[in-house]
Amino acid sequence: MSKLEATIRLEQRFAILREVIAGYRIRLQEMEQEVVELFTTNQLSAISACMGEKQRIVRLMNRLEQFIVQWESNNTDVGIAHEPKREHLNT
């Protein structure tokens, strides 16, 4: 695989991660409406479960976003850097 192909594949993976994050954002918006509906029907246990799910999604989104930022800012080379082969000295 060429370096260009590896770069394209890596960029595709990050695009997929960004799509996942966008999906989570949409889900959070939907959950806001669900909480309002649950509140109007006084379903406190369901509200509590929904808020727990929201917290889980927010934590996951934050970790994914941090991963993307960290990877893109620290990794200018797509490949894995290896140390040169060390020769063993016979002493």
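In this text the structure is predicted, and so the values were computed from the model without any measurement.

### Examining helix 2 (residues 44-74)
With 31 residues, helix 2 extends 45 Å from end C-alpha to end C-alpha; this agrees with the ideal 45 Å at 1.5 Å per step. Among the residues making up helix 2, those that are buried are Ile 47, Cys 50, Ile 57, Met 61, Leu 64 and Ile 68.

### Brief notes about the pattern of salt bridges
Inspection of every chain in the model, using the stated rule, returns 4 salt bridges. Arg 27 is paired through a salt bridge with Glu 34; the nearest N and O atoms lie 2.8 Å apart. A relative accessible area of 29% places Glu 34 in the partly exposed class. Here the salt bridges do not stand alone but share partners, grouping Arg 27, Glu 30 and Glu 34 into one network.

### With respect to the nonpolar core
Soluble, globular proteins show a tendency: their nonpolar side chains are buried together. Formed by Leu 28, Met 31, Val 35, Leu 38, Ile 47, Cys 50, Ile 57 and Met 61, the largest nonpolar core amounts to 8 residues. Elements represented by at least two residues in this core include exactly helix 1 (3-40) and helix 2. Beyond its immediate stretch of four places on either side in the chain, Cys 50 contacts Met 31, Glu 34 and Val 35. Counting residues in hydrophobic clusters, the runner-up holds 5 residues, among them Leu 10, Phe 14, Ile 21 and Ile 68.

### Things to note about the packing of aromatic side chains
For the structure shown, the criterion picks out 3 aromatic pairs. Measuring from ring centre to ring centre gives 6.4 Å for Phe 14 and Trp 71, while their planes differ by 35°; the resulting arrangement is tilted. Separated by 57 residues along the polypeptide, Phe 14 in helix 1 and Trp 71 in helix 2 bring together distant segments of the chain. The class for Trp 71 is partly exposed, based on a relative accessible area of 33%. Members of the aromatic cluster, each reached through a chain of ring pairs, are Phe 14, Phe 67 and Trp 71.

### Brief notes about the confidence of the model for the protein chain
For the protein chain, the mean per-residue pLDDT works out to 82, and 77% of the residues sit at or above 70. Here residues 78-91 is modelled with pLDDT under 50, and outside its nearest four sequence neighbours on either side it reaches 3 contacts, counting other chains as well.

What counts and how
- Residues numbered from 1 in each chain as written.
- Predicted model: local features only at pLDDT ≥ 70, side-chain atom pairs only at ≥ 80, totals over all residues.
- Heavy atoms only, no water.
- Helix = DSSP H or I, 4+ residues; strand = E, 2+ residues; numbered from the N terminus.
- Expected span 1.5 Å × (residues − 1).
- Buried < 20%, exposed > 50% of the residue type's maximum accessible area, 1.4 Å probe, protein only.
- Salt bridge = Lys/Arg side-chain N within 4 Å of Asp/Glu carboxyl O.
- Core = buried A, V, L, I, M, F, W, Y, C linked by side-chain atoms within 4.5 Å.
- Contact = heavy atoms within 4.5 Å.
- Phe/Tyr/Trp six-rings, centres within 6.5 Å; stacked < 30°, edge-to-face > 60°.
- pLDDT = per-residue confidence, 0-100.

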